[in-house]
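Here are the chains, one letter per residue:
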Amino acid sequence: MLADPTTLRRALEDLAHEQGFSRVGVARAGIPPRFELFEDWIGRRLHAQQAYLDRSLPLRRDPALLLPGVRSIIVLAHPHPDGDPAASDGARTARYALSEDYHRVLRKKCRTILERLRREGFRFASRVCVDSAPVNERAWAALAGIGWIGKNGMVMNETDGSYFWLCEILTDARLASDAPVAERCGSCVRCLQACPTQALLAPGLLDSERCLSYWTIEQRGVIPEDMADRLNGWLFGCDICQEVCPYNGPAPAREASRNPPALADLLSTGSASWKRRFADTALSRAGLSGMRRNAAALAESSGRRDLLPQLRRLARSGHAVASAQARRTEAKLQGRMP
Ligand code: SF4
Ligand code: SF4
């Protein structure tokens, strides 16, 4: 059966909801909306040292380079844990990372949907993208009616707030497009005011060089002192500009499947134990040495002198960045630095 747009759409939505997706939207393929703003952001170097963004500009501009003949971009939203992300010592881990890695979870769900559609006789080409191909997913999500892009840069809507993962299925099937939803931030500026590093220069305009998520996830070097000082308890990522958003509501509904790691735990755990607990989560992206670097930076900003023995051990370890971070923290905690 060739893909009849209405029947395919109905089958897709049924299967997506069955797989736990909360929203499905479709946008017509082409140049992503607001692409000139994205290019301007790159041109101003506000993406800091994320060189892959420079390299991927042509692919982001033209999704047909990712799937020849692409006609529709299906965007799917899946809720993620939204409970308190603090460990027993207060160290906080971004909510999205406290469960099995969404890259593999969402990919598996999308593949299940596509297999079921094929078994039902639909024929179309497709490509699943879960952060695995350069797609400007927030722009597509907004165009596909999943939500609006808030002043904190996140896609959000009135029912789910912003605590959800996104993924896309590019397809050559012709599907009816959804209408974008109205922007509902209004006069609210809570996220801009709450950011501890003033990384949100203007509504939706992020300076990555100042963002705690960038420093604790993307950047692999030593976290500079002025950023470590403003970690505000964040060990991996930062949810502050989402936590203050009125659309995220006060009552968490979805508990994480993993307990967030505490600093003492991270600094002393062996790699086998680390792998057992976190290898299948998004924390594996930073790796144990990256998480220890973050732990050392957070120990510095929270004055954790009780961790000096573990920090000394880390300072002598073979991990260049983590040990450099630990040496600075050790010096600071011992008052050898101003
Ligand atoms: S993630 Fe944290 S540091 Fe980055 S913009 Fe949001 S509040 Fe600021
Ligand atoms: S905190 Fe306010 S301004 Fe920021 S994203 Fe939420 S509603 Fe929009």
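Scroll up to find the structure.
**Q** In this structure, what is going on with the nonpolar core? I would like to understand it.
**A** Nonpolar side chains in soluble globular proteins tend to end up buried together. Membership of the largest hydrophobic core comes to 42 residues, with the highest contact counts inside it found for Leu-235, Leu-263, Met-291 and Leu-311. Listed by contribution, the elements that provide at least two residues to this core are helix 8 (212–218), helix 9 (225–228), strand 10 (234–236), helix 11 (263–268), helix 12 (271–278), helix 13 (287–301), helix 14 (308–315) and helix 15 (320–333). Among the elements that make up this core, the one with the highest residue count is helix 13 (7 residues). Ignoring anything within four residues of it in the chain, the contact list for Met-291 reads Leu-235, Phe-236, Pro-261, Leu-266, Trp-274, Leu-283 and Ala-286. Grouped together as the second largest cluster of nonpolar side chains are 25 residues, Leu-12, Ile-113, Phe-122 and Cys-167 included.

**Q** What is the right way to read the environment of His-80 from this model?
**A** Relative to the elements of secondary structure, His-80 occurs in the loop between strand 2 (72–79) and strand 3 (92–93). The sequence separation of His-80 and Leu-98 amounts to 18 residues, and the corresponding C-alpha distance is 8.6 Å. Apart from the residues within four sequence positions on either side, His-80 is in contact with Arg-95, Tyr-96, Ser-162, Tyr-163, Phe-164, Trp-165 and Arg-254.

**Q** In this structure, what is going on with the site of ligand 2? I would like to understand it.
**A** By nearness alone, every residue bordering ligand 2 is listed as Gly-150, Lys-151, Asn-152, Met-156, Cys-185, Cys-188, Arg-190, Cys-191, Cys-245, Pro-246 and Tyr-247. Here the shell around ligand 2 is composed, by residue class, of 7 nonpolar, 2 polar and 2 charged.

**Q** Would you take a moment to explain helix 1 (residues 5–18) for this structure?
**A** Note: α-helices contain 3.6 residues per turn, so residues at a spacing of three or four share the same orientation. Compared with the 20 Å implied by 1.5 Å per residue over 14 residues, the 20 Å span of helix 1 between its first and last C-alpha is a close match. Taken together, the buried residues of helix 1 touch strand 1 (23–28), strand 2 and helix 5 (102–119). Just downstream of helix 1 lies Gly-20, where phi reads positive at about 95 degrees.

**Q** What is the right way to look at the environment of Arg-116 in this model?
**A** Along the polypeptide, Arg-116 turns up in helix 5. Remark: the alpha-carbon pair of Arg-116 and Leu-15, spanning 101 residues in sequence, is separated by 8.0 Å. Setting aside anything within four residues of it in sequence, one finds Arg-116 in contact with Leu-15 and Glu-18.

**Q** I keep staring at the site of ligand 1 and nothing clicks. Help me out?
**A** Around ligand 1, the structure places Cys-195, Pro-196, Thr-197, Ala-199, Leu-200, Leu-206, Cys-211, Leu-212, Ser-213, Cys-238, Ile-240 and Cys-241. Of all the secondary-structure elements, those providing two or more residues to the shell around ligand 1 are helix 8 and helix 10 (240–243). Of the residues contributing to the shell around ligand 1, the split by class is 10 nonpolar, 2 polar and no charged.

**Q** Explain helix 14 here, please?
**A** Residues Leu-308, Gln-310, Leu-311, Leu-314 and Ala-315 constitute the buried set of helix 14. Here the buried residues of helix 14 occupy an arc of 160 degrees about the axis, which is enough to place them on one side. The inward-facing, buried residues of helix 14 contact helix 11, helix 13 and helix 15.

**Q** Got a minute to help me understand empty space enclosed by the protein in this structure?
**A** Unfilled space is identified by rolling a water-sized probe across the atoms. With the rule as written, the count across this model stands at 2 cavities of 30 Å³ or more. In this model, the largest cavity occupies a volume close to 40 Å³. Taken together, Leu-8, Leu-12, Ile-74, Leu-114, Leu-117, Phe-124, Thr-171 and Leu-175 form the lining of the largest cavity. Elements that contribute at least two residues to the lining of the largest cavity include exactly helix 1 and helix 5. Among the residues making up the lining of the largest cavity, the classes are represented as 7 nonpolar, 1 polar and no charged.

**Q** Hey, could you run me through the packing of helix 14 against helix 15 in this one?
**A** The packing of two helices is summarised by the inter-axis angle and the distance between the axes. Viewed as axis vectors pointing N to C, helix 14 and helix 15 meet at an angle of 140 degrees, and their least axial separation amounts to 7 Å. Judged by the inter-axis angle, helix 14 sits oblique to helix 15. Two packed elements cross with a definite hand, and for helix 14 against helix 15 that hand is left-handed. Counted together, Leu-308, Leu-311, Arg-312, Leu-314 and Ala-315 of helix 14 and Ala-322, Ser-323, Ala-326, Arg-327, Thr-329, Glu-330 and Leu-333 of helix 15 form the full contact between these two elements. Split into classes, the residues belonging to the contact of helix 14 with helix 15 amount to 7 nonpolar, 2 polar and 3 charged.

**Q** It is not clear to me how unusual backbone geometry should be interpreted in this structure. Could you clarify?
**A** Where the residue is not glycine, phi is negative for most of them; where a peptide bond is considered, it is trans in most cases. The phi dihedral of Ala-48 falls on the positive side, at around 55 degrees, and the residue is not glycine. As for its position among the elements, Ala-48 is in the loop between helix 2 (35–43) and helix 3 (51–55). Using a relative accessible area of 11% as the deciding quantity, one classes Ala-48 as buried.

Calculation criteria
Residues numbered from 1 in each chain as written. Chains lettered and ligands numbered in written order. Predicted model: local features only at pLDDT ≥ 70, side-chain atom pairs only at ≥ 80, totals over all residues. Heavy atoms only, no water. Core = buried A, V, L, I, M, F, W, Y, C linked by side-chain atoms within 4.5 Å. Buried < 20%, exposed > 50% of the residue type's maximum accessible area, 1.4 Å probe, protein only. Helix = DSSP H or I, 4+ residues; strand = E, 2+ residues; numbered from the N terminus. Contact = heavy atoms within 4.5 Å. Near = heavy atom within 4 Å. Nonpolar A, V, L, I, M, F, W, Y, C, P; charged D, E, K, R; others polar. Expected span 1.5 Å × (residues − 1). Arc of directions from axis to C-beta. 1 Å grid on protein atoms, 1.4 Å probe; cavity = no way out; pocket = protein on both sides within 12 Å on 5 of 7 lines; lining within 4 Å. Points joined across faces, edges and corners; volume = space filled by probe spheres on them. Axes fitted to C-alpha atoms, helices over the stretch in contact; angles between N-to-C directions. Parallel < 35°, antiparallel > 145°, perpendicular 65-115°, else oblique. Left-handed = near helix turned anticlockwise from the far one by under 90°.

By themselves, these figures tell us nothing about what the structure is for.
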